[in-house]
Amino acid sequence: MGRSTVGKSYLPIVQNADNFPYDRDPLETYYQLILAGDPQPHGYLRPETVAKMPWTASFAVSHEHPRTVTVLDASQGSASAAAFTAAFQELVNICIAQDTFRLIAKRHSEPFSILSYPTITSTTTATATAATNGNNNATSPGGLGTGGPIAVVTMERFMAPLFGILLQGAHMVAYVRSRATEDDCGVISGLWIPRRAKHLFSSPNMLDATVAGGIAARTTALETIIKEAGEEASLPPELVRTRVRSTGLLTYVSSTDAIHGWPGESGLLCPGIVYTYEMELPEDVVPKPHDGEVGSYSLMSVGDVQAALLNNEFKPDAAVVVVDFLIRHGVITAENERSFIQINEHIHRRLPFRVSGV
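Here the structure is a predicted model, which means the values were calculated and not measured.

Visitor: How should I be thinking about the sheet that holds strand β3 (residues 59-62) in this particular structure?
Guide: Through backbone hydrogen bonds, the strands of a sheet pair up, either in parallel or in antiparallel fashion. Within the open sheet, the 4 strands sit side by side as β2-β1-β4-β3. Their pairing is mixed. What marks the edges here is a single partner per strand, and that holds for β2 (43-45) and β3. Taking each pair of neighbouring strands and ignoring which way they run, the sheet shows an average axis angle of 25°. With 4 bridges connecting them, β3 and strand β4 (residues 68-71) associate as antiparallel partners. If you follow V61 over to β4, its bridge partner there is V69.

Here it is as structure tokens:
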């Protein structure tokens, strides 16, 4: 079904996204982001970022190893999540007003959740006991019961890489099959691949997954796919809900040092989770650009997609998604890819932070 790639490997392609060295301790270079009351790190900041950031009284910076930036809890535990969110928002507002970082580009962006929060902590014995006994009203950080509304700490998307927090996105690959008869399962004859618009901040004019987007706070991966499918590809919500299929998730840790043409600050740590989806489209359904983020859509053969991947024509995270698609559909196998195990390790990397079950 695919094109012969003898002598070539997809390993460098996935390493473009998962490019943070496995043997490197982040604490050697980065400051840990700490939320008061929780000793676990929620992000990693470059020393250059720490030096340049216009810190407010809501933050405490320690230059003693292990170096930390701690977000203080102005609520004293009564509404921690809201206090942390307000501290980040005040900082974003200052950075936009002062044009402090190229990455933010003097613009606000949608709020993203800090996925490592909330968690059940041992701040009180009662909390632990209640949780053990199955009490749905056990309190979580922020003073909210786990059986009620969840306390979420958010940060604007453009600011997030500066703090090195874990981000999540959702990608979908749409494809068509060729069938000899109506009952024939057929073979994949083409993937709908977009070319990103030339004006975009990151990876302009590169190839991408059919539909992709960051998952905003209090939004699910499926909701993101349905929304982005309409905005980017003009695909109706009813069609997507009926045909889309969840296929898992991918994880990686990247550094902006290795992103070709990256216009923002260098050396930022960007751990990521990508929820993957796929959707078979009828031959008469054609994705069309809608919101200006996509320049054009092309129905590319599997062989042409392989060639484009190996030629580094895809946005790095989208390349990982497409490689995963080709693995699941038997195009890339242990028999034709000498680095098959290493590729799967890179696209399912252990993340540097815990992930909340929220």
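Visitor: What is the right way to read the nonpolar core from this model?
Guide: Here is a general trend for soluble globular proteins: nonpolar side chains tend to be buried in one another's company. Within the largest apolar cluster, 32 residues are counted, with the highest numbers of intra-cluster contacts made by L191, V305, L309, F314, V323 and L326. Secondary structure elements with two or more residues in this core: α1 (11-15), β9 (167-178), β10 (187-196), β12 (245-255), α8 (302-310) and α9 (316-328). At 8 residues, the largest contribution of residues to this core is made by α9. Beyond its immediate chain neighbours, meaning those up to four positions away, V323 contacts Y10, I13, V14, L309, I332 and I343.

Visitor: Looking at this structure, how should I read the environment of K315?
Guide: Tracing the sequence through the fold places K315 in the loop between α8 and α9. Distance from K315 to N205, taken between C-alpha atoms, is 9.1 Å for residues 110 residues apart in sequence. With residues up to four places along the chain from it excluded, the contact list for K315 reads R196, S202, S203, M206, L207 and D208.

Visitor: I would appreciate a short explanation of the pattern of salt bridges in the present structure.
Guide: Pairing is possible between side chains that carry opposite charge, provided their charged atoms lie close to one another. For the structure shown, the criterion picks out 12 salt bridges. Between R354 and D38 there is a salt bridge, with its nearest N and O atoms 2.0 Å apart. On the criterion of sequence distance, the pair formed by R354 in the segment after α10 (340-346) and D38 in the loop between β1 (31-35) and β2 is long-range, its members being 316 residues apart. One network of salt bridges, with partners in common, ties together R245, E278, D324 and R328.

Definitions and cut-offs
- Residues numbered from 1 in each chain as written.
- Predicted model: local features only at pLDDT ≥ 70, side-chain atom pairs only at ≥ 80, totals over all residues.
- Heavy atoms only, no water.
- Pairing = 2+ DSSP bridges.
- Helix = DSSP H or I, 4+ residues; strand = E, 2+ residues; numbered from the N terminus.
- Axes fitted to C-alpha atoms, helices over the stretch in contact; angles between N-to-C directions.
- Core = buried A, V, L, I, M, F, W, Y, C linked by side-chain atoms within 4.5 Å.
- Buried < 20%, exposed > 50% of the residue type's maximum accessible area, 1.4 Å probe, protein only.
- Contact = heavy atoms within 4.5 Å.
- Salt bridge = Lys/Arg side-chain N within 4 Å of Asp/Glu carboxyl O.

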